[in-house]
Amino acid sequence: MSNTRTGRRHELNLYRPYFELVASGRKTIEVRVKYPHLADMAEGDTIRFRIKGTDETCDVRVLRVSEYRDFEALLDGEGPANVNPTASRGQQLANIRSIYPSEKEALGALAIEMELLDA
């Protein structure tokens with residue numbers, strides 16, 4: 001078994017507003033809980049984002065994955081405008097916590113820096 005950790009492909013769902021920001025190149029940091037299936041995501045991997053229930057997809061290359069203790073630390077470390085350029089830090093924190101309850105946040109937060117791949 002190869003022990004290389006780069007070049008893997010991940011498929012993740014996104015809500016439409018966030019998908020559109022990623023697809024336009026305006027959102028460069030994706031926020032996720034550090035679930036076991038994402039814990040080994042690394043630079044060089046690709047992610048195919050999909051709007052659940054549709055055929056709409058966009059592909060990105062992972063540039064960096066950084067771990068934070070919680071969403072507040074992540075927003076402070078990455079800069080809210082990189083996570084969502086259309087919402088304030090407070091709005092983003094509320095939005096993220098409406099998606100991920102506190103018991104999920106306790107697993108840790110991942111900031112995934114990405115760049116859009118050409119279609």
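Our structure is the block above this text.
Summary of the structure given here. No experiment lies behind these values; they were computed from the predicted model shown. (Residues numbered from 1 in each chain as written. Predicted model: local features only at pLDDT ≥ 70, side-chain atom pairs only at ≥ 80, totals over all residues. Heavy atoms only, no water.)

Glancing now at helix α2 (residues 71–78). Considered for burial, the residues of α2 that qualify are Phe71, Ala73, Leu74, Leu75 and Glu78. Packing partners of the buried residues in α2 comprise β2 (29–33), β4 (57–68), α3 (80–83), α4 (89–99), α5 (102–105) and β5 (109–116). Capping of α2 at its N-terminal end is provided by Asp70; its side-chain oxygen lies 3.3 Å from the backbone amide nitrogen of Glu72. Just downstream of α2 lies Gly79, where phi reads positive at about 90 degrees. (Buried < 20%, exposed > 50% of the residue type's maximum accessible area, 1.4 Å probe, protein only. Helix = DSSP H or I, 4+ residues; strand = E, 2+ residues; numbered from the N terminus. Contact = heavy atoms within 4.5 Å. Polar contact = N/O pair within 3.5 Å; in protein donor to acceptor, adjacent residues only side chain to side chain.)

Turning next to the pairing of β2. Counting buried residues in β2 gives 5 out of 5 residues, a clear majority hidden from the surface. Of the two faces of β2, the one carrying Ile29, Val31 and Val33 and the one carrying Glu30 and Arg32 are both buried. Direction of pairing for β2 relative to β5: antiparallel, over a ladder of 5 bridges. In the sheet register, Val31 faces β5, and the bridge partner there is Ala111. (Pairing = 2+ DSSP bridges.)

Attention now moves to the environment of Leu21. As for its position among the elements, Leu21 is in helix α1 (residues 16–23). Spatially, the C-alpha atom of Leu21 lies 9.5 Å from that of Val83, the residues being 62 residues apart in sequence. Not counting the four nearest positions on each side in its chain, Leu21 is found in contact with Arg26, Lys27, Asn84, Pro85 and Thr86.

What follows is about the side chain of Asp59. Mapped onto the elements of the fold, Asp59 is located in strand β4. At a separation of 2.8 Å, a polar atom in the side chain of Asp59 contacts the side chain of Arg48. Among residues more than four places away in sequence, those in contact with Asp59 are Arg9, Ile47, Arg48, Leu116 and Leu117.

Under the definition given, this model contains 17 salt bridges. Between Glu30 and Arg32 there is a salt bridge, and its shortest N-O distance comes to 2.8 Å. Residue classification places Glu30 among the buried residues on the basis of a relative accessible area of 4%. Residues Glu67 and Lys34 are paired through a salt bridge, measuring 3.0 Å at the closest nitrogen-oxygen approach. Of the two residues, Glu67 sits in strand β4 while Lys34 sits in the loop between β2 and β3 (46–50), which places them 33 residues apart along the sequence. (Salt bridge = Lys/Arg side-chain N within 4 Å of Asp/Glu carboxyl O.)

Moving on, we come to α4. For α4, every residue scored as buried is listed here: Gln92, Leu93 and Ile96. Here the buried residues of α4 occupy an arc of 100 degrees about the axis, which is enough to place them on one side. (Arc of directions from axis to C-beta.)

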